[in-house]
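Structure assessment
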Amino acid sequence: MAHFCLRCGRPLVLRIIEGREVEACPDDDFVLWRDPKVATAVVVEAEGGIVLGRRSIEPGYGEWCLPGGFVNHDEDPAGAAVRECLEEIGADVELLELLGVYHVAKMTTSSIVGIAYRGRLAGRAAISAGSEMFEVGVFRLDALPEIAFPSHRQVLAMYDGAAARSASPPSATPARPTPPRTR
Ligand SMILES: [Zn+2]
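Just so you know, these numbers come straight off a predicted model, no measurement behind them.

A word on the domain arrangement of the protein chain. Along its sequence, the protein chain is carved into domain 1 (1–33) and domain 2 (37–159). Distance between the C-alpha centres of domain 1 and domain 2: 36 Å.

What follows concerns unusual backbone geometry. If a residue is not glycine, its phi is most likely negative; likewise, a peptide bond is most likely trans. The omega torsion of the bond from Glu-58 to Pro-59 falls at -5°, within 30 degrees of zero and hence cis. Tracing the backbone shows Pro-59 in the loop between β5 (49–55) and β6 (64–65). At Glu-18, a residue that is not glycine, the phi angle is positive and equals roughly 50°. Along the chain, Glu-18 turns up in the loop between β1 (13–17) and β2 (20–24).

Within an α-helix, residues lying three or four positions from one another point in the same direction, as the helix has 3.6 residues per turn. The terminal C-alpha atoms of helix α2 (residues 150–167), which comprises 18 residues, lie 26 Å apart, in line with the 26 Å expected from a rise of 1.5 Å per residue. Every buried residue belonging to α2 is among Ser-151, His-152, Val-155, Leu-156 and Tyr-159, and all of these are buried. End-on, the buried residues of α2 take up no more than an arc of 145°, which puts them together on one face. Seen from the open side of α2, the exposed residues pointing more than 90 degrees away from its buried face are Pro-150, Gly-161, Ala-164 and Arg-165. Close packing links the buried residues of α2 with β4 (37–46), β6, β8 (93–104) and β9 (112–121).

Scoring rules and cut-offs
- Along each chain, numbering runs from 1 in the same order as the chain's sequence is written.
- It should be noted that, the model being predicted, local features are given only for residues of pLDDT at least 70 and side-chain atom pairs only at 80 or more, the latter also being counted only at that level, while totals for whole chains, interfaces and linings use all residues.
- These domain boundaries are the output of an automatic or database domain assignment.
- In this text, helices come from DSSP runs of H or I with a minimum length of four residues, and strands from runs of E with a minimum of two, each type numbered from the N-terminal end.
- Expected span, for any helix, means 1.5 Å times one less than how many residues it has.
- Counting other C-beta atoms within 10 Å of each residue's C-beta, where C-beta atoms are placed from the backbone, gives the exposure class: buried for 20 or more, exposed for 12 or fewer, partly exposed between.
- The arc in question is formed by the directions pointing from the helix axis toward the C-beta atoms.
- Think of it this way: build a C-beta for each residue from its backbone, and any pair within 7 Å is a contact.

Printed below as a string of structure tokens:
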């Protein structure tokens, strides 16, 4: 696809800058840097499990995913995560912890740097499907449906890891051996 200089409108040409092939203006110093987009995903804890939504839009139409989405240019990522939760699962969510950062590499569109949070429903908030969801539901971690995106599966693995670390703090006393199971 042809791109044009944002300063002078001329067609960009390929140049090598800092060892990368980039599109740049032949007449001035404009370079079309391909930056990643920033997204968030939130593991929202609720009574009985975590909240997922079933998507009514592509990508991932008809499949389940975590609430989250792209960060607007003027938003703090945590604020964007809370906004996306309100839009997608219809609930006020309180963020509790940064789970980690993930990366989705793409060739033809912008890659994504994702920021994953753990949160919980604020107060007695109820959940309801936003305009981009068919339905929302609370799922036990050991009974999750098929998750739409590999990146969201990665976030759920981060969440499992964080839960395991907080559930088993380092201890000086060895765990008691499990008695043999009797039939
Ligand atoms: Zn130019």
